[in-house]
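Working through the structure, step by step
For reference, the chains in residue letters:
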Amino acid sequence: MLGYYKNEQERVLWIKGEIGENYEPGDDLFSLFELSKLIIQYNKEDKDIPVEQRKPIKIFIHSNGGDLDSTLAFVGLISISKTPVWTINACWAYSAAGLILMAGHKRFALPNTECLIHSGSGQLGGSYEQATEQMKNYKYLVDKMKDFILAKTTIDQKLFKKNSQKDWYVHTDEMLSLGIVDEVVNDLDILF
């Protein structure tokens with residue numbers, strides 16, 4: 001517990017496990033809402049500090065991904081954070097976790113890490129009308145995800161279309177060449 005609070009004071013945060021909407025201590029789901037509260041708190045603390053002098057928020061990622069709705073809200077928060085947010089792929093950043101990796105103001109990958117890009121998966125339930133509306137909403141979210149990826153990386157429409165219909169695993173060097181990350185870490189001092 002002491003390590004958690006020390007990391008929080010140093011603005012070092014971790015996304016580990018599946019990303020979900022709800023979180024209870026001990027769950028395997030990870031709540032982006034809890035991280036959102038911290039990012040807002042750090043911005044509030046830094047309000048009168050010039051942006052270039054603010055201590056960055058560092059988010060280490062090791063996740064299979066998860067909930068797209070909450071992820072898109074979270075990457076929207078990162079985009080408006082005046083306090084810099086650094087994202088670091090610590091092992092793998094799959095699916096929704098890959099979007100979080102791409103959202104950082106500075107984006108890093110440790111050696112031998114992976115990112116996964118795909119169209120995700122969803123479930124429909126309820127009446128025909130409810131399922132139809134759920135499908136419309138899911139298409140909207142997938143389109144938002146595509147626009148986000150194309151805006152945050154050097155991936156073009158043609159390459160995205162070619163690979164998005166499958167599980168597209170992107171390894172360290174390719175993450176760098178596709179603009180998913182800005183730098184591959186070869187010395188941990190870069191991050192601290």
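The preceding data block contains the structure.
Here's a quick rundown of the structure. Every residue gets a number counted from 1 within its own chain, in the order that chain's sequence is written. For this predicted model, a pLDDT threshold of at least 70 governs which residues receive local features, and a threshold of 80 or more governs which side-chain atom pairs are given and counted, while totals over whole chains, interfaces and linings are taken from all residues. Each side-chain value is derived from all of the structure's non-hydrogen atoms; neither hydrogens nor water enter the calculation.

Our next topic: the pairing of strand β5 (residues 106-109). Both strand β4 (residues 85-94) and β5 contribute to a ladder of four bridges, which runs parallel. Note that in β5 the partner of Thr87 across the bridge is Arg107. Should DSSP find at least two bridges between two strands, the strands are taken to pair. Helix and strand definitions here come from DSSP, where helices need a minimum of 4 consecutive H or I residues and strands a minimum of 2 consecutive E residues; each element is numbered from the N-terminal end. Note that β5 and strand β8 (residues 183-184) share two bridges and pair parallel. Among the inter-strand pairings, Ala109 is bridged to a residue of β8, identified as Val184.

Turning our eyes to something else, we now look at the packing of aromatic side chains. Stacked, tilted and edge-to-face are the three classes assigned to paired rings of Phe, Tyr and Trp, where Trp is represented by its six-membered ring and a pair needs centres within 6.5 Å; plane angles under 30 degrees give stacked, over 60 edge-to-face, the rest tilted. Overall, the coordinates contain five aromatic pairs when judged by the stated rule. On the basis of an interplanar angle of 20° and a centroid distance of 4.6 Å, the ring pair of Trp14 and Phe60 is categorised as stacked. Taken together, the residues span a long stretch of sequence, with Trp14 in strand β1 (residues 12-20) and Phe60 in strand β3 (residues 57-66) at a distance of 46 residues. Buried, partly exposed and exposed residues are distinguished by accessible area as a fraction of the type maximum, computed with a 1.4 Å probe on protein chains only: under 20%, between the cut-offs, and over 50%, respectively. Taking the relative accessible area as the measure of exposure, Phe60 reaches 5% and is therefore buried. Measuring from ring centre to ring centre gives 5.5 Å for Trp92 and Tyr94, while their planes differ by 10°; the resulting arrangement is stacked. Of the residues examined, Tyr94 reaches a relative accessible area of 12% and is grouped as buried. Grouping aromatic residues by their ring pairs yields a cluster made of Trp14, Phe60 and Phe192.

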